[in-house]
2 protein chains.
Amino acid sequence: MTKPLTLGLAGLGTVGVGVVKLLQQNADLYAARTGRRVELRAVTARSKDKDRGVDLSGYDWEDDAVSLAKRDDIDVFVEVMGGSEGAAKDATLAALASGKDVVSANKALLALHGQQIAQMADDAGRSIRYEAAVAGGIPVIKSLAEGLAGNRMTRVMGVMNGTCNYILTRMESAGLSYDEVFAEADQLGYLEADPTLDVGGIDAGHKLALLVALAFGTQVDFDGVELEGIQQITARDIHHAADLGYRIKLLGVAQMTDAGLEQRMSPCLVPAASPLGQLEGGTNMCVLEGDAVQQVVLRGPGAGEGPTASAVLGDILDLARGIRIPAFGVPAAQLKAAPSVKSAVAAPYYLRLELRDEPGALARMAQVLAEHGISIDRMRQREHSESPATVLIVTHAVQRSALDAALADLPQTGVLGDTPLAIRIEKV
Amino acid sequence: MTKPLTLGLAGLGTVGVGVVKLLQQNADLYAARTGRRVELRAVTARSKDKDRGVDLSGYDWEDDAVSLAKRDDIDVFVEVMGGSEGAAKDATLAALASGKDVVSANKALLALHGQQIAQMADDAGRSIRYEAAVAGGIPVIKSLAEGLAGNRMTRVMGVMNGTCNYILTRMESAGLSYDEVFAEADQLGYLEADPTLDVGGIDAGHKLALLVALAFGTQVDFDGVELEGIQQITARDIHHAADLGYRIKLLGVAQMTDAGLEQRMSPCLVPAASPLGQLEGGTNMCVLEGDAVQQVVLRGPGAGEGPTASAVLGDILDLARGIRIPAFGVPAAQLKAAPSVKSAVAAPYYLRLELRDEPGALARMAQVLAEHGISIDRMRQREHSESPATVLIVTHAVQRSALDAALADLPQTGVLGDTPLAIRIEKV
């Protein structure tokens, strides 16, 4: 049997503890699968003495992640601390510089510094692996980088923030407002310290940026992700969407267009009967489309101790088996810097307009849309006793730029009672 | 750049032609992803002169698959001919014996001779890869063998025969009988030359046997798969199941129990709202459950030129990148010969009984079930004008052996108008 693969683990939160448990309970299985023992040598975390419900006595303790990353007796530095700067970044770079492979669950770090880290790994002849950074237990990085490597990818989509999906499905099922469900999620501990990371789409945007680099062979470009959160979605929108046969999801969509790379993380309407539309609660889903495979859909738990540790172990066992490929599928130096374009692909939109209840209001609104070449597929005005009245419109496919211009002109008509809301209807 | 990876391709049907097309259209992409050219050198098929809509002039022609497999100028033998014996088997063994890696789409060959082939590959220090043999374009072999390698798998399920799923969903949507849809599928060319391979569950059983070996580290044991086809399912069963909130699928289920390994490929009722229940037409789905990841669901096209070629290319590109693992996750010599058990896990069942319309019939039937410890969860007798009358029962969880004993005793009551049908209700 080959010599053991040795690990240093930085971070003993939910994921780190899950990794320790799996290493302890499945050790023989891993030896059978990789032909060598996989052994944890040393750990670090913020607090040494906290009881984490797992026996850490067999491992050395390091006070500092960088020291851990540089230890001579580890082959792989496992980073599950989180944070895009500071210790996580320093330790990751130190590990690569000192000839270790790195397994990371840190989407923010990779989304913001992925190009630098991938290049450094290539230069050092080491690997940086990050299955756990995207969509929890779903083996989407492996599917995209390896399983579907025969494809020129055409589009990648994903519902990858369980908190947002929980909020949206809970608003629908319980008929509660965004603020009410947000407060509930906060009490349940579902929210990040800065909830904007979740509800603003930033966390999911980080994940999308990583999938995109892999799918299209481009430099990780989180700044190129068009971000829109779910804060503006009302229970009425969810209800209206359902009436039209849709559900609202915080959906990441990326595709390469003639004009450049389009990456969006925003609320979208998707058909209620589609796999994406049927997704409930914290479950994640990734949709991968390629020239050969057509469409593959992967679904699974997006977070949690077991699922995320499963992804970390998948990466570790690959390294134990000697499986190494560049971080984003091709050498970092070959990743292209694609120009980013905002919503380049035309799509139908759902519009919610509040119109003052006065003669000619509808006509003036419709006129503005027409002036911008926006044609109406369906329109509904509900019975109402109040002014303004809600008018719901589904447009035919339109460029986002034309839509934005129309939305900018609408207030000048004087017929709006509130700011209009536009949500893209994604073809899935 | 490393020297090219060279291929010999046996079989120029749908899949083979798909592979040639991808190799031609995505050649530069593959070179970027693997760091080397991937080059087809020689091909073979039944007929040399047939126009296949693809330019084969750049490749040598071999009349015989074994000769192709032994050529000195190929690194990888790609077998997409099919057939569990004869040329496909001879050529696969010849390729391994002469030091080639093999990429195969041949589920029957591997289901029946997987242990021998895996052992031979290990002995030769070569790889046998078979992503395309199971669930078409879905990267399920890779997900199970690598992505989820950190898990002790607990259950594996799959809808993996598009023809059966087409027949069942078409019976439901069009309200047609099994025979009518079977004839339709035949006309559309959806059926194998021997349709029992599809509708008898054999083809899907082959695929399940491969997933099981990978998931549980056991020797491939197709004979241990409990097989039941869809021929007995009537449009009424589908309708009744829908009334109860279920859909009927030809579902493969495998789990390791204390008594041994349970592998079934049989019609099952699954909740209509579950991902399996929502699956339509020829799409395949695999459900992978492990101690850490909980549940991952993979969905995609189960057949067709592009999707299957995508799977073949995934394997080829892995070899080009130097990714090699044993065929079934651990060395063939370590695969366990697990005892096979029939339906060891208790489950509720859907029963369709035709009872003569006479006093006491229901009581006598219920008495027999009670004698075998089978308790009734729900029962429905439809309004009827004919005798026998259809009685539908959903039982509480029961061992299949007890159910079979009850079904064997029922005819003696003299109240049955027809052979009863029992379909398992699988918890998904």
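Above: the structure in question.
Every chain is numbered on its own, with residues counted from 1 as its sequence reads. The lettering of chains begins at A and the numbering of ligands begins at 1, in the order of writing. Whole-chain, interface and lining totals are the exception, using all residues; otherwise, since this is a predicted model, local features are given only for residues with pLDDT of at least 70 and side-chain atom pairs are given and counted only at 80 or more. With hydrogens and water stripped out, all remaining heavy atoms of the structure feed into the side-chain values.

Caption draft 1: Main features of the overall build of chain A. Counting from the N terminus, the helices are DSSP H or I runs at least four residues long and the strands are E runs at least two residues long. The number of helices and strands found in chain A is 14 helices and 16 strands. Put simply, the radius of gyration uses C-alpha atoms, and a globule should come to 2.2 Å times the residue count raised to 0.38. The C-alpha atoms of chain A give a radius of gyration of 24 Å, which matches the 22 Å a tight globule of 428 residues would have. For chain A, the spread of C-alpha atoms along the three principal axes comes to 80 × 45 × 35 Å. The classification of residues rests on relative accessible area computed with a 1.4 Å probe and restricted to protein chains. Under 20% of the type maximum is buried, over 50% is exposed, and intermediate values are partly exposed. When burial is assessed residue by residue, chain A has 60% of its 428 residues classed as buried. Any two residues whose heavy atoms approach within 4.5 Å are treated as being in contact. Of the contacts formed within chain A by residues at least 6 apart in sequence, a portion of 74% connects residues at least 24 apart. Methods summary: accessible areas were calculated by the Shrake-Rupley approach with a probe of 1.4 Å, and residue burial reflects only the protein chains presented. Just so you have it, chain A exposes about 15,600 Å², and 47% of that area is on carbon and sulfur atoms.

Caption draft 2: Structural detail: the sheet that holds strand β1 (residues 5–10) of chain A. Residue and element names in this part refer to chain A. The strand order across the open sheet formed by six strands is β3-β2-β1-β4-β5-β6, and the pairing between neighbours is parallel. A single partner strand is all that each edge strand has here, and the edge strands are β3 (60–61) and β6 (128–129). Being paired, for any two strands, means DSSP has found at least two bridges between them. Examined bridge by bridge, strand β4 (residues 76–79) and strand β5 (residues 101–104) share four bridges and lie parallel to one another. Residue V78 lies in a different strand from β5, and its bridge partner there is V103.

Caption draft 3: The arrangement of the packing of aromatic side chains in detail. Residue and element names in this part refer to chain A. Centre distance within 6.5 Å is the pairing criterion for rings of Phe, Tyr and Trp, where only the six-membered ring of Trp is used; planes under 30 degrees apart are then read as stacked, over 60 as edge-to-face, and the remainder as tilted. Scanning the entire structure with this criterion turns up six aromatic pairs over all chains. A centroid spacing of 5.4 Å and a plane angle of 45 degrees characterise the contact between Y130 and F328, whose relative ring orientation is tilted. With a gap of 198 residues between them, Y130 in the loop between β6 and α6 (140–147) and F328 in the loop between α12 (305–320) and β13 (349–355) connect regions that are remote in the sequence. For F328, a relative accessible area of 1% corresponds to the buried category.

Caption draft 4: Highlighting the relation of the copies chain B and chain A. Superposition of the copies was done by least squares, using only C-alpha atoms of residues whose pLDDT is at least 70 in both. Laying chain B over chain A is done by rotating through 180 degrees and shifting 0.0 Å along the axis; what remains is an RMSD of 0.0 Å. Expressed as a symmetry operation, the mapping of one chain copy onto the other fits a two-fold axis. No C-alpha of chain B approaches the rotation axis more nearly than that of L298 of chain B, which lies at 2.4 Å. Mapped onto chain A, 100% of the interface residues of chain B again fall at the interface, so both copies present the same surface.

Caption draft 5: Structural context of a nonpolar patch on the surface. Any residue with relative accessible area above 30% and no salt bridge may belong to a patch, with like charges joined within 9 Å and the nonpolar Val, Leu, Ile, Met, Phe, Trp and Tyr side chains within 5 Å. Whenever Lys or Arg places a side-chain nitrogen within 4 Å of a carboxyl oxygen from Asp or Glu, that contact is recorded as a salt bridge. There is a patch of nonpolar side chains on the surface, built from L362, I376 and M379 of chain A and spanning about 230 Å² of accessible area. Tracing the backbone through its elements, the reader meets L362 of chain A in helix α13 (residues 361–371).

Caption draft 6: Main features of the pairing of β5 of chain A. Residues and elements named next belong to chain A. Neither face of β5 is left uncovered, since the one carrying D101 and V103 and the one carrying V102 and S104 both have all their residues buried. The parallel pair β4 and β5, bridged by helix α4 (residues 87–97), forms a crossover whose chirality is right-handed. Alignment of β5 against β6, held across two bridges, turns out to be parallel. Looking at β6, one finds that V103 is bridged to R129. Think of it like this: strands point away, you trace from the first strand over the helix to the second, and a clockwise trace means the crossover is right-handed.

Caption draft 7: A look at the pattern of salt bridges. Residue and element names in this part refer to chain A. For the coordinates displayed, the defined rule picks out 58 salt bridges over all chains. Taking the shortest distance from any N to any O, the salt bridge between E146 and K142 comes out at 2.9 Å. Here the residue E146 and the residue K142 both occupy positions in helix α6, the gap between them amounting to four residues, near one helical turn. Each of the two residues, E146 as well as K142, counts as buried.

Caption draft 8: The arrangement of the nonpolar core in detail. In this structure, V140 and F328 of chain A together with V140 and F328 of chain B are the most contacted members of the largest nonpolar core, which totals 174 residues. Setting aside residues up to four positions removed in sequence, V140 of chain B forms contacts with E131, V134, A135, L211, C286, L288 and L298 of chain B. As used here, the term nonpolar core means buried Ala, Val, Leu, Ile, Met, Phe, Trp, Tyr and Cys residues forming a set that is joined through side-chain atoms within 4.5 Å.

Caption draft 9: Summary view of helix α2 (residues 27–34) of chain B. Most of α2 of chain B is tucked away: six of the eight residues are buried. Buried within α2 of chain B we find A27, L29, Y30, A31, R33 and T34 of chain B. Buried residues along α2 of chain B sit in contact with α10 (202–216) of chain A together with α1 (14–25), β2 (38–44) and α12 (305–320) of chain B.

Caption draft 10: Just unusual backbone geometry, in detail. All names here are of chain A. The residue A135 is not glycine, and still its phi comes out positive at about 60 degrees. Relative to the helices and strands, A135 resides in the loop between β6 and α6. We note that Q294 has phi near 70 degrees; this positive angle belongs to a residue other than glycine. Tracing the sequence through the fold places Q294 in strand β12 (residues 294–301).

Caption draft 11: Focus on the packing of helix α7 (residues 162–174) of chain B against helix α8 (residues 178–187) of chain B. Residues and elements named next belong to chain B. Contact geometry for α7 and α8: axes closest at 9 Å, N-to-C directions at 125 degrees. Our classification of the angle between α7 and α8 gives oblique. At the point where α7 passes α8, the crossing takes the right-handed sense. Mapping the contact onto sequence places Y166, I167, R170 and M171 in α7 and Y178, V181, F182, E184 and A185 in α8. Only Asp, Glu, Lys and Arg are considered charged in this grouping, and only Ala, Val, Leu, Ile, Met, Phe, Trp, Tyr, Cys and Pro are considered nonpolar; every other residue, Gly among them, is considered polar. Each residue belonging to the contact of α7 with α8 can be placed in one class, and the counts come to seven nonpolar, no polar and two charged. The angle between two axes is taken between their N-to-C directions and runs from 0 to 180 degrees, where each axis is a line fitted to C-alpha atoms and a helix contributes only its stretch in contact. Each angle is binned into one of four classes, with values under 35 degrees roughly parallel, values over 145 roughly antiparallel, values of 65 to 115 roughly perpendicular, and all other values oblique. Each crossing is labelled by how the near helix is turned from the far one, with a counterclockwise turn of less than a right angle marking it left-handed and a clockwise turn marking it right-handed.

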